[in-house]
Amino acid sequence: MMLREYQQRTIDKLYAWFEEGGKGNPCLVLPTGSGKSHIVAALCKDALQNWPETRVLMLTHVKELIEQNAEKMRQHWPGAPLGIYSAGMGRKDLGEPITFAGIQSVRSKARELGHTDLVIIDECHLVNHKDEGGYRTLLEQLKIINPAMRVVGLTATPYRLGHGLITDKPALFDALIYPISIEELIYKGFLSTLRSKVTKAKLDVTGVHKRGGEFIESELQAAVDTNDNNQAVVKEIIALAHERKAWLVFCAGVKHAQHIADTLNEHGVAAECVTGETPKKERERMLVDFKAGRLRALTNANVLTTGFDYPDIDLIAMLRPTMSASLYVQMAGRGMRVKSHIDHCLVLDFAGVVATHGPITNVQPPKKFGDGDGVMPVKVCKNCGELVHISVMVCPACGEPFPDREKKKLVLHDDDIMGMDGTDLNVSSWNWRIHTSRASGKLMLSCTYYGSLSDKPITEYLPVLHDGYAGQRAKHQLFTMANSSGADLASVPRIATDAGLDYISGQMSNSTPPHTISYKMDGKFHRVVKRIWT
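Scoring rules and cut-offs
- Residues numbered from 1 in each chain as written.
- Predicted model: local features only at pLDDT ≥ 70, side-chain atom pairs only at ≥ 80, totals over all residues.
- Heavy atoms only, no water.
- Helix = DSSP H or I, 4+ residues; strand = E, 2+ residues; numbered from the N terminus.
- Contact = heavy atoms within 4.5 Å.
- Areas by Shrake-Rupley, 256 points an atom, 1.4 Å probe, with all protein chains shown as cover.
- Lys, Arg positive; Asp, Glu negative; His and termini not counted.
- Charge placed at Lys NZ, Arg CZ, Asp CG, Glu CD.
- Buried < 20%, exposed > 50% of the residue type's maximum accessible area, 1.4 Å probe, protein only.
- Salt bridge = Lys/Arg side-chain N within 4 Å of Asp/Glu carboxyl O.
- Core = buried A, V, L, I, M, F, W, Y, C linked by side-chain atoms within 4.5 Å.
- Phe/Tyr/Trp six-rings, centres within 6.5 Å; stacked < 30°, edge-to-face > 60°.
- Pairing = 2+ DSSP bridges.
- Axes fitted to C-alpha atoms, helices over the stretch in contact; angles between N-to-C directions.
- Polar contact = N/O pair within 3.5 Å; in protein donor to acceptor, adjacent residues only side chain to side chain.
- Parallel < 35°, antiparallel > 145°, perpendicular 65-115°, else oblique.
- Left-handed = near helix turned anticlockwise from the far one by under 90°.
- Nonpolar A, V, L, I, M, F, W, Y, C, P; charged D, E, K, R; others polar.

Draft legend 1. Broad picture of the overall build of the chain. Along the backbone of the chain there are 15 helices and 26 strands. Dimensions along the principal axes, computed over C-alpha positions, put the chain at roughly 65 × 65 × 55 Å. The contacts in the chain between residues at least 6 apart in sequence include a share of 68% that link residues at least 24 apart. For the chain, the computed accessible surface area is about 24,900 Å², with 51% contributed by carbon and sulfur atoms. Each charge class in the chain can be summarised by its mean position, and for the 63 positive and 60 negative side chains these summaries are 1 Å apart.

Structure (structure tokens):
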């Protein structure tokens with residue numbers, strides 16, 4: 001079975017990272033729907049065929065992903081020496097060179113697993129950034145057995161709520177490798193696009209408290225799971241769905257999911273509810289009925305975000321407000337598989353999730369929680385001068401109520417969940433140069449796009465030498481553009497040098513520019529949201 005070009009590119013980039021002296025554990029960042037299980041299968045096969053003594057452990061957190069990954073492994077390598085260790089699947093195979101396992105089943109089985117050379121972790125953003133939890137405990141014990149063991153992670157969302165990037169210390173992972181972008185996958189026909197509409201009904205979370213940075217589920221359900229809300233939301237879904245045939249609804253909790261399913265049925269829409277408590281056979285029956293068209297809608301609470309893939313989902317309703325960027329991307333990603341009957345999936349965001357996190361092509365990683373040394377969030381009572389916590393609504397000293405904080409309007413970013421709508425420019429040429437940032441003094445790359453004589457040139461900046469997410473994203477964007485333009489950056493000198501940047505700007509200036517770009521204003525600067533090569 002042949003890999004797609006970008007899947008092979010992913011493996012090549014991983015090997016190149018190791019060959020260039022990469023130390024520690026890298027993470028491959030791959031969009032939902034890019035075929036991570038095919039990449040894992042090819043990586044395992046390559047490792048065993050080139051180094052026959054290698055022992056590989058493939059870890060994930062749900063049995064559905066174990067089943068998918070094992071199935072793709074057998075497709076790539078029918079005779080693969082593969083074992084499965086998963087209580088949920090009723091399998092406890094040990095002794096094979098490749099073991100696909102669920103973390104809950106093997107977290108305390110390091111001795112039984114024995115010498116391991118390579119651990120691959122799917123959905124690796126779930127690994128605790130602190131030295132605790134099932135993954136970290138198992139890896140520490142395996143590392144004692146083999147100190148040379150390496151870990152490779154895969155995820156579409158390389159960040160954790162309250163921690164930031166999964167490479168921010170303390171962390172298990174040391175580098176992020178971006179082989180492919182959502183935009184490239186869509187342009188090449190490997191992913192379907194999303195379309196979003198502003199909804200009339202809005203779910204208000206005023207007064208709902210947070211714990212660990214996320215809404216407290218009991219309070220969240222109490223706020224959004226009302227008969228008035230449920231009726232309004234369901235009526236609007238039906239009005240906007242038209243002939244769409246497969247609806248997936250994300251709800252705030254188990255009771256909310258059941259109530260939405262009941263309300264859909266009341267309005268003549270065949271719907272059922274899937275939760276973590278749904279018996280295995282009943283859940284499988286629901287998913288079969290959904291894919292066969294006997295059910296038009298499935299509602300769920302924290303279940304169908306990973307390990308569930310049905311390409312023909314053509315409507316997603318988000319009724320689950322969340323502060324988790326990862327959860328948002330996972331929910332939206334369920335609608336991005338290429339469909340048999342339509343070229344997009346409609347996303348109805350009743351929960352203001354897109355407004356909170358931005359388009360899925362430009363999601364910002366969550367910020368770290370404070371370390372306790374920051375300034376306490378406080379406010380001052382204008383009546384008596386009492387200093388109180390920011391959350392207090394009535395002054396405890398004089399009884400004066402604080403004015404209501406202005407509510408954040410829950411709207412989509414230009415009604416564009418993809419973040420790819422903007423003003424078009426037909427490009428005649430481009431010019432790359434080295435630019436010095438006025439804010440940081442660091443060198444960066446700039447690219448100016450030229451159209452006709454009457455068009456204003458558009459310049460974008462790539463801070464490839466910056467630390468953290470901004471630098472990682474800029475490097476990823478640079479090499480994506482180089483791949484499309486035909487620029488040869490394979491022999492680029494070290495990027496963090498004047499010579500490296502000078503070489504890159506020369507190669508890029510002499511390569512083929514896109515024939516069209518779309519751009520938006522982002523503060524004082526232009527942000528190019530789409531580049532199209534013929």
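Draft legend 2. A look at unusual backbone geometry. Residues lysine 169 and proline 170 are joined by a peptide bond in cis, for which omega reads 0°. Within the secondary structure layout, proline 170 lies in the loop between β9 (164-165) and β10 (175-177). Its identity as a non-glycine residue notwithstanding, histidine 242 has a phi of 55°, on the positive side. With a relative accessible area of 58%, histidine 242 lands in the exposed category. Despite not being glycine, asparagine 302 shows a phi value in the positive range, around 60°.

Draft legend 3. How the structure looks around the pattern of salt bridges. Under the definition given, this model contains 19 salt bridges. Residue glutamate 5 pairs with arginine 9 through a salt bridge whose shortest N-O separation is 2.7 Å. Here glutamate 5 and its partner arginine 9 are both found in helix α1 (residues 5-19), four residues apart, which amounts to about one turn of the helix. The salt bridge partner of arginine 531 is glutamate 460, with a shortest N-O separation of 2.9 Å. Note that arginine 531 is positioned in strand β26 (residues 525-532) and glutamate 460 in strand β24 (residues 458-462), a separation of 71 residues in sequence.

Draft legend 4. Just the nonpolar core, in detail. Counting residues in hydrophobic clusters, the biggest one holds 97 residues, and the most contacted among them are Leu59, Phe100 and Ile121. Beyond its immediate chain neighbours, meaning those up to four positions away, phenylalanine 100 contacts Val40, Met58, Ile66, Asn69, Ala70, Met73, Leu82, Gly83, Ile84 and Tyr85. If you look at the next biggest cluster of nonpolar residues, it comprises 29 residues, including Leu220, Val224, Val249 and Leu264.

Draft legend 5. Quick peek at the packing of aromatic side chains. Overall, the coordinates contain eight aromatic pairs when judged by the stated rule. For the ring pair phenylalanine 290 and tyrosine 310, a centre distance of 5.7 Å and an interplane angle of 65° mean the geometry is edge-to-face. Of this pair, phenylalanine 290 sits in helix α11 (residues 280-292) while tyrosine 310 sits in the loop between β16 (297-300) and β17 (315-318), placing them 20 residues apart in sequence. The same class applies to phenylalanine 290 as to tyrosine 310, namely buried.

Draft legend 6. Seen up close, the sheet that holds β26. The strand order across the open sheet built from three strands is β21-β25-β26, with neighbouring strands paired in antiparallel fashion. Among the strands making up the open sheet, the edge pair consists of β21 (423-426) and β26. Strand-to-strand twist across the sheet, computed as the mean angle between neighbouring axes with direction ignored, equals 35°. In the sheet, β21 pairs with strand β25 (residues 516-522) via four bridges, with the strands oriented antiparallel. Residue pairing for β25: leucine 425 is matched across the bridge by isoleucine 517.

Draft legend 7. Region of the structure containing the environment of serine 105. Structurally, serine 105 can be placed in helix α4 (residues 103-106). The buried category is assigned to serine 105, whose relative accessible area is 17%. Considering only alpha carbons, one finds serine 105 and glycine 88, 17 residues apart in sequence, at a separation of 8.5 Å. Excluding its chain neighbours within four sequence positions, the residues that come into contact with serine 105 are Tyr85, Ser86 and Ala87.

Draft legend 8. Highlighting the side chain of asparagine 25. For asparagine 25, the position within the fold is in the loop between α1 and β1 (26-29). Within the structure, the side chain of asparagine 25 is placed 3.1 Å from the backbone nitrogen of valine 151, a separation counted as a polar contact. If sequence neighbours within four positions are ignored, asparagine 25 has contacts with Trp17, Arg150, Val151, Leu172, Phe173, Asp174 and Ala175.

Draft legend 9. View of the sheet that holds strand β22 (residues 429-436). Here three strands make up an open sheet; going across it, the order is β22-β23-β24 and the pairing antiparallel. Two strands bound the open sheet, and with one partner strand each, they are β22 and β24. Adjacent strand axes in the sheet meet at a mean angle of 25°, parallel and antiparallel pairs treated alike. Sheet analysis places strand β23 (residues 443-450) next to β24, joined by five bridges and oriented antiparallel. Each bridged residue has a counterpart across the sheet, and for serine 446 the counterpart in β24 is tyrosine 461. Helix-sheet contacts for helix α14 (residues 468-485) involve β22, β23 and β24, and the interaxial angle to β24 is about 125°.

Draft legend 10. Representation of the packing of helix α9 (residues 227-241) against helix α10 (residues 254-266) within the structure. Relative orientation of the contacting elements α9 and α10 amounts to 55°, with a least axis distance of 10 Å. Between α9 and α10, the interaxial angle falls into the category oblique. Here α9 and α10 pass one another in a crossing that is right-handed. Across the interface between the two elements, Asn230, Gln231 and Val234 of α9 pack against His256, His259, Ile260, Thr263, Leu264 and Glu266 of α10. Considered class by class, the residues forming the contact of α9 with α10 number three nonpolar, five polar and one charged.

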